[in-house]
Every structure is written in structure tokens, then in C-alpha cells.
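Reading the structure
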Amino acid sequence: MVNGNYHSVVLGGGLTGLAAGYVLSGAGCAVGLFEQDDTVGGLSKTVVRGGFRFDLGGHRFFSKDETIDRFVRDLMQGELVLVPRKSKIYLRGKYFDYPLKALNAMFGMGIATTAKIIADYLGERIRHTVKETEKLSLEDWVVSHFGRTMFDIYFKEYSEKVWGIDCKRISVDWVAQRIRGLSLAAAIKNAVFKFSGRDIPSLVDQFIYPELGIGRIADRLKEEIEKRSTVTTGARVERVLHTGACVEAVEVRTPGGWQLIEGEEFISSIPLPQLVRILDPAPPADVIRAASELKFRDLVVVALMIDRKRVTDLTWLYIPEQKIPFGRIHEPTNWSEKMAPPGKTVLVMEFFCFKGDRIWNETDERLIALSAEHLERLGFITRKDVIDGMVVRAPKAYPLFEIGYAERSAVLYDYLGRFENLHIAGRVGKFRYYNMDHAIASGMEAAEQALKHSAADAPAAKRKNGKRPLPAAGPGKCAAH
């Protein structure tokens, strides 16, 4: 029994899937979007509890892509505020500015250590002038750009805390993409000459933010899609049915029962390994094996509601040391005063973990108490300041870019590429490191590919002025192969 017929079926309701749905519904397509969570947004959502609002980690929006920047500004008219970035690193009992400021680093770490940092950096520059060596890991890249001392002090412990594996195992692709263009020289230049850093994403000193939380971007996209099409939450895609080079339908489990959804074009932003596992018929063994070797880092977010107007003046505080269990803190009211009731604030701690480990399996009560205990030791609050607490677990928050992931991903891309009406997109959907703007752009690009394929697939008799009129509904057919 068929429960739904759509021109376009979108799997996943994060920013990528929503952006795809927005473009497709705006083009006149009947879209069915399915999200397994109870709300849309994925990791870019805002949780509301008793008048307090918090994101799953602080998510800034910044884009050098003028099209995407303008798209978000137009979508969010009247809701955006401009937030100055002020971040620090808490290390060895001291606070260091991030991005690096030369004087702060010198007097914070001591002149001897600073001299060693500069000497190591110059040594690396000379070494690479003589002979360029291949960089495979995060450690290789950071040492070559900052020197060994800088790596050991500022990068190693925090990176291993975030990713849960040795820096020698983290692919260079991640760090080069995440802080591309940045080096010790660029950081010092930024500190001394105060250039804006707009061309280096890690040095951006201000960003736009919806005053009611980052999740409002997802909410607005959903609102626009639902003017013409449907968004179904609490819907888990269990099977993707295909014949030859054509995806024909998906089976979706909802609170109301199972549904069979047919479509003409399919866009997937669900985790890439998950998509491979639910294909029916199943892929060859080598494809399944490659999918099983791609892993994710999970996230536990603890929010403490505080009976004070403000605790810090920071957008982020990074905490590399392993003895403190969370890796990053942010205070949403420093992004927008509307994130808490008047006179109150909220602190959000991010615990990087793997699903099933000690942190993931810890009780909510213990995680709340543990967060309050460490915040008190850091001198931020006393436990009597805590009004309430909430824990949110986010599985598959970040693709784990272990050395070899690119080759495994390529196997999956090659196999999935045979399906002409299946388009993969997004951070977890393509297993790539995407910021918010990249995620939105990826969804839009997938939608354009779907529209192009749908038009090219139409019989010539249905064309008008060289373009195929988009159907209001119906699964359609793939071209004969």
C-alpha cells in the first residue's frame, strides 16, 4: 500500500534537508520531508525549557558565500542580531585569548616558552623550505604550520579530547579544512596589525545570530516548506527500495505506523553509512564494509539555568585539559539576551564522547551535578546559583575524520553514484566537515541537481519552451537504462 506520492522525497530534516526542501517546494514540486527526531534542525536546533533557550553547542552563522549569506538574512528578516566574538582558552589555570594574541601568549606562557614556540616555528619553516614532506595527520599539519611546542601546548590535548583518538590518526583533511589559511604567522599578524580575518573562518570576529536561537533558521525553513508541501517529524527511514539505477520508494516508521513513500527524486542527508545499510537490495560486501568503517563522534550537552544575569562575557570558552570532562562552554545570553528570562542566564557544556561510553551512559542527574561541580571549581558559579538543569544527547554529531576515511567514503560515493535519482548532501550525508553555510549550500545544490535530472528525464512531449513543467505530485519514472 502506498501512503504517499511526491515529486521529491527528502530524507533528514537538518539544515541540509530543509534547504533542499525549500528550493524544491519553491520550484513548484510536491515535497515530502521526513525527519526521525521530534523537531527539525539536527545539531542546529534550539531547546526550550521553562523560559530558557539553548543550542546544542554554540553555532555561529558566517559565510563568505554572498548568495548563502543573503539567503539567510532574507529568510530571517527582523530576527538577527550581530554578535561580537570573544573566545578564550582555559589552560594550566590561566585564560588565553583565542584567536591567539601575541602579547597574551607571551606573558601567559612565559617568555622562555614563547621563545621556544617561535624557534620551533622558524625551524619548521626552514625544514619545509629545504624539503616538503607529506602531511597525513592533524599532527603533521599543525606541527608544520605552528611548530612542535605550539602543537603540544595548544592543539594536542584539546583535539584528542574532541575526537577521542590520537592526533596521529586524525586526517589532515579535517584540520586543513577547519582552519585553512591559518598559521602562527597569520595569528600573530592578526594580533599585531588587527586585520579582520574575514578570509580565515577561524579568525572571524563577529557573526550574525537569530535572537531566539540558531534553531530559528531551521524553523523558518520548515515554515516556508509547509506552505506548499509536507514535513513529517518522528519519522525514521527504515528502507530505501531500488531497482537497477532507480530509487523507487522508502519505507518510513512513524508513531502512527509504517508508510511506503514513492517519489521521482530522492535527496538524502541522513548519515552516509546508515543510507548504505538500509538500501534494499543490499549493496555488495565491500560497500557495506566501507560503510561500517566510517565512524562518528557523539555529543552530550548539559545546560544549567543560573539565577544570575550573567556569568561570563565570552561567546566560547575552550577547555583542553582532560581532568575537566567537558570541552567547551558557552553562555547563550552573550549571543542574545532573549535566550533566558530577565535577570537569569544559562551555561551550556559540551561533552565529546562515543555512544555507549561512560559519559554517554551517565545519568542526567550525575552529569548536571558534575557540570555544576566543575564550574564551581573554575570560579564561575556556586551550586546554589543553579535553578535547573537539562541534558541532551546528540548521536552522530560529527563525522570522525580518521586517516583512511576519504578512501572509504569514495567507495560509497562510487556505488551510490549509480542511482541517477538519488542525491546525497550535507555533513553526515556526505561524511564531510561542513559549517552551517556549507550545509545549507549542499542542500540547495542537491535540490538543483534533482530539478535538473527531473527535467532531463521528462519525455520530450512534456516539455514546454525547453523546460519540463514540474508535476504537483506523483512518483514518476527514471529514464530507461
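Residues numbered from 1 in each chain as written. Predicted model: local features only at pLDDT ≥ 70, side-chain atom pairs only at ≥ 80, totals over all residues. Heavy atoms only, no water.

**Describing the side chain of S268**
Rules: Helix and strand labels come from DSSP, where a helix needs a run of H or I of at least four residues and a strand needs a run of E of at least two; each type is numbered from the N terminus. Note on exposure labels: buried denotes an accessible area under 20% of the residue type's maximum, exposed denotes more than 50%, and partly exposed covers the range between, all computed with a 1.4 Å probe on protein chains only. Contacts: residue pairs with any heavy atoms within 4.5 Å of one another.
Along the chain, the position of S268 falls in strand 12 (residues 257-268). Its relative accessible area of 0% is what places S268 among the buried residues. Setting aside chain neighbours within four positions, we find S268 in contact with L11, L275, L422, H423, I424, A425 and G429.

**Notes on unusual backbone geometry**
For the bond running from D280 to P281, omega is 5°, close enough to zero to count as cis. As for its position among the elements, P281 is in the loop between strand 13 (279-280) and helix 11 (285-292). In this model, K396 sits at a positive phi of 50°, which is unusual for a non-glycine residue. Turning to its location among the elements, K396 is positioned in strand 18 (residues 386-399).

**Overview of the environment of E445**
Within the fold, E445 resides in helix 16 (residues 436-457). In this structure the C-alpha to C-alpha distance between E445 and V23, which are 422 residues apart in sequence, comes to 9.2 Å.

**Structural notes on the confidence of the model for the protein**
Short version of the rule: How sure the predictor is of each residue is captured by pLDDT, a score from 0 to 100.
Looking at the protein, pLDDT values average 88 and 87% of them are 70 or higher. Counting interchain partners and residues more than four positions distant, the pLDDT-below-50 stretch residues 191-202 has 30 contacts. Within the model, pLDDT remains below 50 along residues 460-481, and this stretch shows 42 contacts once partners closer than five positions in the same chain are excluded.

**Considering the packing of aromatic side chains**
The condition is simple: Each aromatic pair joins two rings of Phe, Tyr and Trp (for Trp, the six-membered one) with centres within 6.5 Å, and gets the label stacked for planes under 30 degrees apart, edge-to-face for over 60, and tilted for any other angle.
What the rule picks out here adds up to 20 aromatic pairs. Taking 4.9 Å as the distance between ring centres and 55° as the angle between the ring planes, the aromatic pair formed by Y90 and Y95 counts as tilted. With a centroid separation of 5.8 Å and 70° between ring planes, the pair formed by F401 and F431 is classed as edge-to-face. On the criterion of sequence distance, the pair formed by F401 in the loop between strand 18 and helix 14 (405-416) and F431 in the loop between helix 15 (427-430) and helix 16 is long-range, its members being 30 residues apart. Using a relative accessible area of 3% as the deciding quantity, one classes F401 as buried.

**Some details on the pairing of strand 4 (residues 52-55)**
The condition is simple: For two strands to be treated as a pair, DSSP must find at least two bridges joining them.
Of the two faces of strand 4, the one carrying F52 and F54 and the one carrying R53 and D55 are both buried. Note: strand 3 (residues 46-49) against strand 4, four bridges, orientation antiparallel. In the strand pairing of strand 4, V48 is matched with R53. Linkage of strand 3 to strand 4, two consecutive antiparallel strands, is achieved through a turn of two residues, within which G50 is found at a positive phi near 55°.

**A word on the pattern of salt bridges**
For clarity, the threshold we go by: Whenever a carboxyl oxygen of Asp or Glu lies within 4 Å of a side-chain nitrogen of Lys or Arg, that contact is scored as a salt bridge.
Under the criterion given, the structure shown has 33 salt bridges. A salt bridge links D74 to R70; the nearest nitrogen and oxygen atoms lie 3.4 Å apart. Remark: R70 and D74 occur in helix 2 (residues 66-75); sequence separation between them is four residues, near one turn of the helix. Its relative accessible area of 39% is what places D74 among the partly exposed residues. Here R70 falls in the partly exposed class, since its relative accessible area comes to 45%. Between D307 and K344 there is a salt bridge whose closest N-O contact spans 2.3 Å. Here the residue D307 occupies a position in the loop between strand 14 (296-306) and strand 15 (316-318), and K344 occupies one in the loop between strand 16 (328-330) and strand 17 (345-353), the gap between them amounting to 37 residues. Its relative accessible area of 40% is what places D307 among the partly exposed residues. A relative accessible area of 27% means that K344 is categorised as partly exposed. Counted as one network, the salt bridges with shared partners bring together E79, R216, D219, R220, E223, E224 and K227.

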